[in-house]
Amino acid sequence: MARIDITDLVKVYDSGDESIVAVEDLDLGVKDGEFLVLVGPSGCGKSTTLRCIAGLEDVTEGSIHFGDREVTDLRGSERDVAMVFQNYALYPHMTVRQNIGFGLKLSSSLPSAEIAERVESVAEMLGITPLLDDKPKELSGGQQQRVALGRAIVREPAVFLMDEPLSNLDAKLRAEMRTELQELQHDLDVTTVYVTHDQTEAMAMGDRIAVMNDGILQQVGPPEDVYRSPANEFVATFIGSPSINLLTAEVDGTTLSGPAGFTYELSNPEPVEGRSRVRVGVRPEDITLVKGGSNRATVSVVEPMGNENFCYMELGEHELTARIDPTLRPQAGEEVAFAFDESALYLFDVDTGEALKTKTDAVAAGIGTEAR
Ligand code: ADP
């Protein structure tokens, strides 16, 4: 086991006469035994970061430590990491047993009996014991992914690195494997960095999530903190589905005025003091439809989700989304009044996107707060 410390990491790719800065000045610490998810849109530098940790890429600048050991210039094989990819590439001519044990056979001097024992125990952990003598082509996608995980686990590495390992699986299996993988990681207690572009997966799995954009780390924290208190507009928009509603408003004292007659009276104008404009954000679950009120929008579509309805509305040229009670079914074209509490309001700087105010309502303490 090890903690990971990434300091001032820069990775530049030179392709022809163009230089691509894939990762810029990244400082990131992963705690011993932690499950950290690196998340961000495609091309933001997640895989490059992971590959630098794995020793599959040379870093341009900066350093990487596992515990007290600097690994920046070590080859991947010397770092004691195991990687699981989206394309798990099992050896087709080998059985499951051989696939799981092969890496260990190559990378260690363990006696065959001990390797066999470890393979058996990992297979049991993953529920694939009955498949040990099958070839990969006889397995389903989920089973193949378990074998790939087994291959990583059996080596008992200091660090697990996973790059979108579940994205080849169908939605139901992916959800199952998410839970399994989390439980497994928790039991094994091995420091893990997991890459995904899927914010739902990140929120569901990470002890903490690190959000990247354009090669730059935007924010690191427990999923619920990042959701409630995003550092900037990018993070607020990227995390959460459906996405946060955003519009630009003029500031006049305590009054915010936006498009199509939108107005909001602040009881605490301190975050917008000295500003003439501000970006206003509110999450879909915080918007309620009300009987009367000055803020009105026109319903475009209502999507029933079973336990709730997604109500898409037009506010001038803006689309607003509200998650509403499933018994509420406003009609398309209907004009509705909407409202939200100031405690749920997000405010961002118009130019930099920096958060000026995030949610301020209290989080209920109690059940589950002692987990992990
Ligand atoms: P992500 O994993 O977030 O999708 P990557 O780390 O793969 O992003 O890529 C980050 C940036 O680096 C992208 O602009 C990508 O095109 C570029 N990049 C990645 N690998 C290479 C490479 N081998 N050569 C040149 N550019 C690369």
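Scoring rules and cut-offs
- Residues numbered from 1 in each chain as written.
- Predicted model: local features only at pLDDT ≥ 70, side-chain atom pairs only at ≥ 80, totals over all residues.
- Heavy atoms only, no water.
- Pairing = 2+ DSSP bridges.
- Helix = DSSP H or I, 4+ residues; strand = E, 2+ residues; numbered from the N terminus.
- Axes fitted to C-alpha atoms, helices over the stretch in contact; angles between N-to-C directions.
- Buried < 20%, exposed > 50% of the residue type's maximum accessible area, 1.4 Å probe, protein only.
- Lys, Arg positive; Asp, Glu negative; His and termini not counted.
- Salt bridge = Lys/Arg side-chain N within 4 Å of Asp/Glu carboxyl O.
- Polar contact = N/O pair within 3.5 Å; in protein donor to acceptor, adjacent residues only side chain to side chain.
- Contact = heavy atoms within 4.5 Å.
- Patch = residues over 30% accessible without salt bridge, like charges linked within 9 Å, V, L, I, M, F, W, Y side chains within 5 Å.
- Areas by Shrake-Rupley, 256 points an atom, 1.4 Å probe, with all protein chains shown as cover.
- Charge placed at Lys NZ, Arg CZ, Asp CG, Glu CD.
- pLDDT = per-residue confidence, 0-100.
- Domains from an automatic or database assignment.
- Buried area = accessible area lost by both parts, 1.4 Å probe.

Caption draft 1: Examining the sheet that holds strand β17 (residues 309-315) more closely. The five strands lie next to each other as β15-β19-β16-β17-β18, forming an open sheet whose pairing is antiparallel. A strand with exactly one partner marks an edge of an open sheet, and here the two such strands are β15 (288-290) and β18 (318-324). Neighbour to neighbour, the strand axes of the sheet diverge by 50 degrees on average, direction disregarded. Both β15 and strand β19 (residues 335-339) contribute to a ladder of three bridges, which runs antiparallel. Residue pairing across strands places Thr288 opposite Ala339, the latter belonging to β19.

Caption draft 2: Representation of the side chain of Asp163. Here Asp163 lies in strand β7 (residues 159-163). Of the buried charged residues, Asp163 lacks a salt bridge, with Arg51 as the closest side chain of opposite charge at 6.5 Å. Side chain to side chain, Asp163 and Ser47 meet in a polar contact 3.0 Å long. Those residues in contact with Asp163, other than ones at most four positions away along the chain, are Ser47, Leu50, Val84, Phe85, Gln86 and Val195.

Caption draft 3: The arrangement of a negative patch on the surface in detail. Taken together, Asp8, Glu24, Asp25, Asp27, Glu61 and Asp214 make up a surface patch of like negative charges. Residue placement: Glu24 occurs in strand β2 (residues 18-30).

Caption draft 4: Structural view of the pattern of salt bridges. Across all of its chains, the model carries 17 salt bridges by this definition. Between Asp5 and Arg3 there is a salt bridge; the shortest N-O distance is 2.6 Å. Overall, the relative accessible area of 23% leaves Asp5 in the partly exposed class. Through salt bridges with shared partners, a single network forms among Lys11, Arg51 and Glu57.

Caption draft 5: Expanded view of the confidence of the model for the protein chain. For the protein chain, the mean per-residue pLDDT works out to 93, and 97% of the residues sit at or above 70. Confidence drops under a pLDDT of 50 for residues 368-372, and excluding neighbours within four residues, the segment shows four contacts in the predicted structure.

Caption draft 6: Representation of the sheet that holds strand β13 (residues 263-265) within the structure. Taken in spatial order, the six strands line up as β13-β12-β11-β14-β20-β21 in an open sheet, and their pairing is antiparallel. On the outer flanks of this sheet lie β13 and β21 (355-357), each paired with one strand and no other. Ignoring which end each strand starts from, the neighbouring axes of this sheet average 35 degrees apart. Bridge count for strand β11 (residues 245-252) against strand β14 (residues 277-282) is six bridges, and the pairing is antiparallel.

Caption draft 7: Here's a closer look at the pairing of strand β1 (residues 4-15). Sheet topology places β1 next to strand β4 (residues 61-66); five bridges connect them, and they run antiparallel. From the neighbouring strand, Asp5 faces β4, where its bridge partner is His65. As paired strands, β1 and β2 are joined by nine bridges and run antiparallel to one another. Bridge pairing links Tyr13 to Ile20 in β2. Hairpin connection, β1 to β2: the antiparallel pair is bridged by two residues, and Gly16 has positive phi, about 65 degrees.

Caption draft 8: Inspection of the domain arrangement of the protein chain at higher detail. Splitting the protein chain by domain gives domain 1 (4-233) and domain 2 (239-365). Here the C-alpha centre of domain 2 lies 38 Å away from the C-alpha centre of domain 1. Facing the 13 residues of domain 1 at the interface are 16 residues of domain 2. Buried area between domain 1 and domain 2, summed over both chains or domains, comes out near 1200 Å², and the portion from carbon and sulfur atoms is 54%. Its largest share of buried area at the contact with domain 2, domain 1 owes to Tyr227, Arg228 and Glu233, together 60% of the area lost on that side. Joining domain 1 to domain 2, the criterion identifies one salt bridge. Glu233 is the partner of Arg279 in a salt bridge, and the nearest nitrogen-oxygen pair spans 2.9 Å.

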